[in-house]
There are 2 protein chains.
Amino acid sequence: MTSEMMELGHRARAAAKSLAAATTDAKDAALHAMATHIRAASKAILTANAKDLEGAKSKELKSSFVDRLTLTPARVEAMAAGLEDIAVLKDPVGRVTEKWTRPNGLQISRISVPIGVIGIVFESRPNVTADAGGLCVKSGNAAILRGGTDGFHTSQLITKCLQAGLKDAGLNPNAIQMVQTADRTAVGEMLAGLGGTIDLIVPRGGKSLVARVQSEARVPVFSHLEGICHVYVDKAAELEMAKAIVLNSKMRRTGVCGSAETILIDGAKISNLAPIISVLINAGCEVRGDAGTMAANAAVKPATEEDWSTEYLDSIVSMRVVDGVNGAINHITKYGSQHTDAIVTEDQATADHFLKELDSAIVLHNASTQFADGGEFGFGAEIGIATGKLHARGPVGVEQLTTFKYQIRGSGQIRPE
Amino acid sequence: MTSEMMELGHRARAAAKSLAAATTDAKDAALHAMATHIRAASKAILTANAKDLEGAKSKELKSSFVDRLTLTPARVEAMAAGLEDIAVLKDPVGRVTEKWTRPNGLQISRISVPIGVIGIVFESRPNVTADAGGLCVKSGNAAILRGGTDGFHTSQLITKCLQAGLKDAGLNPNAIQMVQTADRTAVGEMLAGLGGTIDLIVPRGGKSLVARVQSEARVPVFSHLEGICHVYVDKAAELEMAKAIVLNSKMRRTGVCGSAETILIDGAKISNLAPIISVLINAGCEVRGDAGTMAANAAVKPATEEDWSTEYLDSIVSMRVVDGVNGAINHITKYGSQHTDAIVTEDQATADHFLKELDSAIVLHNASTQFADGGEFGFGAEIGIATGKLHARGPVGVEQLTTFKYQIRGSGQIRPE
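Reading the values: the criteria
- Position numbers for residues count from 1 along each chain, tracking the sequence in the order it is written.
- Chains and ligands are labelled sequentially in the order written, the chains with letters from A and the ligands with numbers from 1.
- Confidence filtering applies because this is a predicted model: local features only for residues at pLDDT of at least 70, side-chain atom pairs given and counted only at 80 or more, and all residues used for totals across whole chains, interfaces and linings.
- Computation of side-chain values: all heavy atoms of the structure, hydrogens and water removed.
- Numbering of helices and strands starts at the N terminus; helices are DSSP runs of H or I of at least 4 residues and strands are runs of E of at least 2.
- Helix span is expected to be 1.5 Å times the residue number reduced by one.
- The rule is simple: take the accessible area with a 1.4 Å probe, protein chains only, and divide by the maximum for that residue type; under 20% is buried, over 50% is exposed, in between is partly exposed.
- Residues count as neighbours in contact if any of their non-hydrogen atoms are within 4.5 Å of one another.
- When two components associate, each loses some accessible surface as probed by a 1.4 Å sphere; the sum of these losses over both components is called the buried area.
- Counted as salt bridges are all cases of a side-chain nitrogen of Lys or Arg within 4 Å of a carboxyl oxygen of Asp or Glu.
- Residues adjacent in sequence count toward polar contacts only when both atoms are side-chain atoms; beyond that, a polar contact is any pair of N or O atoms within 3.5 Å, and within protein one must be able to donate a hydrogen and the other to accept it.
- A least-squares fit on C-alpha atoms brings the copies together, and the residues used are those whose pLDDT is at least 70 in both copies.
- A fitted line through C-alpha atoms represents every axis, and for helices the fit uses only the stretch in contact; the resulting angles, taken between N-to-C directions, go from 0 to 180 degrees.
- Angles are sorted into four bins: roughly parallel if under 35 degrees, roughly antiparallel if over 145, roughly perpendicular if 65 to 115, and oblique for all others.
- Two helices crossing with the near one rotated counterclockwise from the far one by less than a right angle form a left-handed crossing, whereas a clockwise rotation gives a right-handed crossing.
- Polar here means any residue other than Ala, Val, Leu, Ile, Met, Phe, Trp, Tyr, Cys and Pro, which are nonpolar, and Asp, Glu, Lys and Arg, which are charged; Gly is therefore polar.
- By nonpolar core we mean a set of buried residues, namely Ala, Val, Leu, Ile, Met, Phe, Trp, Tyr and Cys, connected to one another through side-chain atoms within 4.5 Å.
- Note: domain ranges come from an automatic or database domain assignment.
- When two cysteine sulfur atoms are found within 2.5 Å, that pair is recorded as a disulfide.
- At least two bridges found by DSSP between two strands are what make those strands a pair.
- Crossover handedness is defined by viewing with both strands directed away from the observer: a clockwise path from the first strand over the helix to the second marks the crossover as right-handed.
- Side-chain rings of Phe, Tyr and Trp, where Trp is taken by its six-membered ring, are said to pair if the distance between their centres is within 6.5 Å; with planes under 30 degrees apart they count as stacked, over 60 as edge-to-face, and otherwise as tilted.
- Whether a charge sits over a ring comes down to the Lys NZ or Arg CZ being within 6 Å of the ring centre and within 35 degrees of the ring normal.
- Throughout, the arc means that of the directions going from the helix axis to the C-beta atoms.

Draft legend 1. Here's a closer look at helix α6 (residues 126-138) of chain B. All names here are of chain B. Given a rise of 1.5 Å per residue, 13 residues ought to cover 18 Å, and the 19 Å separating the end C-alpha atoms of α6 matches this to within 8%. A large share of α6 lies buried, amounting to eleven of its 13 residues. Buried within α6 we find P126, V128, T129, A130, A132, G133, G134, L135, C136, V137 and K138. Of the residues flanking the end of α6, it is G140, one or two places downstream, whose phi is positive at about 80°.

What follows is the structure, encoded as structure tokens:
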């Protein structure tokens, strides 16, 4: 490992120790100060961003990539406001989540504590710098940020604003550090735990980044796999509600992980098929279906086997006729990604069965899959949606960035043989 | 991967699905039936164990290793009784751990669910077969067991008893499977997740096993690193209590991970040193100390730097004079393993400082470190003590073998722009 990376890790570890002991007031003051520094540096941040964009354009990158990299005055303001939103959240550290007394008089408390040092590896989205940094500080953790090299100058300047905010509040500015080298081996060093200084890796990016993290990480990861989300329209669904939920689940935003990719229609009420296809096609969505779906509307294109496990993140949906709720469960179990799945039905027992049987992070009855979001859960800002099963599952907000310890208070108890 | 291992994984996945839906009564009936089968097969189990011991003896293995491998009629009975103890625990699955309603009317519940398929890799301790299998069934998970090859015949027979119990209760016997090959590559296949069929690895064994798991695992792990546990005797300690807690922490059982390995004495009350050294030496414990400790008793041997980070698991202790509670905290932060650490003091503020500052899974005030145990926490049986920070930290009982999902109930809510 390079000594530069090792030193960065040690600085983060030291900062984590001091941040774990920081008061709520100090952390919140830092978040407000960060927002102030970002607003004050708005012009400089946009200039740095223009420099990054210049470099990116010469590489002929995808327009969606360039869009995510691009900042505007409104987006800079949104970053600052986002930090203030984090400041008003309840401090997730120091909560007594459980407390009990043993027959021998020992009092056991389970207390929430920060995780320590969190490595965040992300693509060229400069706003992640502020979001992730702010969430880590609120939860008492130190952050090591490694953004995509195409956003280097922008992220660099944002990091300086965050560090200035920490300093203003009397906190250790090393609680948010950015990896300075463009060398990709730095990511490998982080995934290996940076000599024991990183406790958790949070990847934020597409499939290739997640795949690299999965195969190389030697420390715990909050993985974010695909969101292959489903809406199942049961025979007992209210049609107007089903149309609204399907449309919203797919089309409100097609690029978010909670957007639906496959619509399953109960074959017992095939008359639901045509109006649901129409509402999607009228909204500009391409529908790819099985034979049953194709029979209902000539505009439906044939779906291939691959479609059932494709996260389009676009105005495309796959659609299939299934044999009731169990047909839907079987399809989702086979092709889904255990992210978010919804049922539309007026039959309570069918809904309960669906909600119980499916092993997905989020299961909904009569609501849009696009509610898969930390803000919509009331968590405030989120660092992503975890599709792994352990520790965090679903939206990852400040609470999910804490762990716990047991404090035991006695009066001289020793353990008998 | 061998097709044999792949099939085993697929059978476990199918069994996990059915076990997740099993009733509490069915799971508990299975645990009772397992106990019955183990008692009925007691003689056959002892015969199989004698065969394993024969093989082990020819290898000239350590006596402690042979001891752990050895079953007696009492140990077989203890295994059966252990399964019955698991049966009486509360079902950890299906609990609503949180529930709230959003302003838009969505009702969000957080429900405990099984993790799925748990791979348990352990050394040649046949009783782990029953303990781990029973805990997995109670928590609705399927278990894939891979024990040390020296205990193969014993574990094999115990597994058959467990499967017979599952069958008696109408549950899928593949919920507990044992890897049949002695080939060590099978462990590697498990650590890689067995083609996506294993959700979690729980290693139970010594340093070399844990090191292999750390370096090879591609799925989440409940790691169990060393227990380098400390007792700090503050200047404000009550001496008789300190003597009792130090003695019990070190000597009650020296081979458990919660046994103390280092005693730290506050230099501000150096008169505590001699009586505490005496109580240890009189109990047959070797004391290795720094210069201050050596000055107090001629029988104290010199401690080397290595001693401070050594898990003796034996009647040996290291001892050091430190500069008050912060000296203790610094020592423990540098040399400890974030497992279990205790302070003895009558000063509440000093105790609070110690309990807050130390980032260990378990921190105790005026109680023995040997309380680091799932049974002593009231968790019932445990599968080990987790020293990792995420999901499970400290004793791992049936509750820690569950995860959660969010169930959301709506009335047609769609998400606004």
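Draft legend 2. Highlighting the interface of chain A and chain B. Contact residues are listed per partner, giving 74 residues for chain A and 75 residues for chain B. Of the roughly 6,100 Å² buried between chain A and chain B on both sides combined, carbon and sulfur atoms contribute 48%. Applying the counting rule to chain A against chain B returns ten salt bridges. For E376 of chain A, the salt bridge identified is with R415 of chain B, shortest N-O distance 3.3 Å. At the surface where chain A touches chain B, the tally comes to 51 residue pairs in polar contact (both at pLDDT 80 or more).

Draft legend 3. Structural view of the relation of the copies chain A and chain B. You can overlay chain A on chain B at an RMSD of 0.0 Å; the transform is a turn of 180° with a shift of 0.0 Å along its axis. Seen this way, the second copy is the image of the first under a two-fold rotation axis. The position closest to the rotation axis in chain A is occupied by the C-alpha of H391 of chain A, lying 2.0 Å away. Comparing contact sets, 100% of the residues at the interface of chain A also lie at the interface in chain B, consistent with an isologous, same-surface contact.

Draft legend 4. Molecular detail of the packing of helix α6 (residues 126-138) of chain A against helix α7 (residues 152-168) of chain A. Residues and elements named next belong to chain A. Contact pair α6 / α7: the axes reach a minimum separation of 8 Å and the direction vectors enclose 25°. The angle between the axes of α6 and α7 places the two elements in the roughly parallel class. For the pair α6 and α7, the sense of crossing is right-handed. Packed against α6, whose contacting residues are P126, T129, A130, G133 and V137, the element α7 presents T154, S155, I158, T159, L162 and L166 at the interface. Looking at the contact of α6 with α7 residue by residue, the classes come out as six nonpolar, five polar and no charged.

Draft legend 5. Structural detail: the nonpolar core. Of all hydrophobic cores here, the largest spans 69 residues; its most connected members are M34, I38, I120 and I144 of chain A. Sequence-distant contacts of I38 of chain A, that is, excluding residues within four places in its chain, are made with I45, V76, A80, L83, A130, I158, C161 and L162 of chain A. By size, the runner-up hydrophobic cluster in this structure holds 68 residues, among which are L83, I115, I120 and I176 of chain B.

Draft legend 6. Fine view of the domain arrangement of chain A. We note that the domain assignment places domain 1 (3-222 + 396-407) and domain 2 (229-375) within chain A. Placing a centre on the C-alpha atoms of domain 1 of chain A and another on those of domain 2 of chain A gives a separation of 35 Å.

Draft legend 7. Region of interest: the state of the cysteines. Residues and elements named next belong to chain A. Applying the stated criterion to the full structure yields zero disulfides over all chains. Here C257 is not cross-linked by a disulfide; its sulfur's nearest cysteine counterpart is in C229, at 6.7 Å. The class for C257 is buried, based on a relative accessible area of 16%.

Draft legend 8. The sheet that holds strand β9 (residues 286-289) of chain A, seen in detail. Taken together, ten strands build an open sheet; the order of strands is β10(A)-β9(A)-β11(A)-β8(A)-β7(A)-β12(A)-β13(A)-β16(B)-β2(B)-β1(B) and the sheet is mixed. Looking at which strands have only one partner, the edges of the open sheet turn out to be β10 (301-302) of chain A together with β1 (96-101) of chain B. Sheet topology note: the strand β7 (residues 229-233) of chain A/strand β12 (residues 340-344) of chain A ladder contains four bridges and is parallel. By the bridge assignment for β12 of chain A, V233 of chain A is matched with V344 of chain A.

Draft legend 9. Seen up close, the sheet that holds strand β8 (residues 260-266) of chain B. Taking strand neighbours across the sheet as the criterion, the ten strands line up as β1(A)-β2(A)-β16(A)-β13(B)-β12(B)-β7(B)-β8(B)-β11(B)-β9(B)-β10(B) in an open arrangement whose pairing is mixed. The sheet terminates laterally at β1 (96-101) of chain A together with β10 (301-302) of chain B, the two strands that pair on one side only. Here five bridges tie strand β16 (residues 402-413) of chain A to strand β13 (residues 362-367) of chain B, and the two strands are oriented parallel to one another. Following the sheet pairing, R409 of chain A is matched in β13 of chain B by H365 of chain B. Sheet contacts for helix α10 (residues 239-251) of chain B: β16 of chain A together with β7 (229-233), β8, β11 (316-322), β12 (340-344) and β13 of chain B; angle to β7 of chain B, the most-contacted strand, approximately 170°. Set on the sheet, helix α14 (residues 348-357) of chain B makes contact with β16 of chain A together with β7, β12 and β13 of chain B; between it and β16 of chain A the angle comes to about 150°.

Draft legend 10. Local environment of the pairing of β13 of chain B. Residue and element names in this part refer to chain B. The element β13 is largely enclosed, with a buried count of six among its six residues. The pairing of β12 with β13 spans four bridges and is parallel. Along β13, the bridge assignment pairs D341 with V363. Each parallel crossover has a hand, and for β12 linked through α14 to β13 it is right-handed.

Draft legend 11. Spatial organisation of the packing of aromatic side chains. Counting across every chain of the model gives 15 aromatic pairs over all chains. Each ring, one from Y406 of chain A and one from F377 of chain B, has its centre 4.9 Å from the other, and the planes form 80°; the classification is edge-to-face. Taken together, the residues span two chains, with Y406 of chain A in strand β16 and F377 of chain B in helix α15 (residues 374-377). This pair shows no difference in class: Y406 of chain A is buried, exactly as F377 of chain B is. A centroid spacing of 5.5 Å and a plane angle of 75° characterise the contact between F404 of chain B and Y406 of chain B, whose relative ring orientation is edge-to-face. Pair check on accessibility: F404 of chain B and Y406 of chain B agree, each one buried. Over the face of the ring belonging to W308 of chain A we find R320 of chain A, whose NZ or CZ atom lies 4.6 Å from the ring centre.

Draft legend 12. Layout of helix α5 (residues 73-87) of chain B. All names here are of chain B. An ideal rise of 1.5 Å per residue puts 21 Å on 15 residues; α5 measures up with 22 Å between its terminal C-alpha atoms. The set of residues buried in α5 consists of V76, M79, A80, G82, L83, I86 and A87. All buried residues of α5 fall inside an arc of 150° around its axis, so they share one side. Residues P73, A74 and D85 are exposed on α5 and point more than 90 degrees away from its buried face. Against α2 (24-40), α3 (42-58), α6 and α7 (152-168) lie the buried residues of α5.

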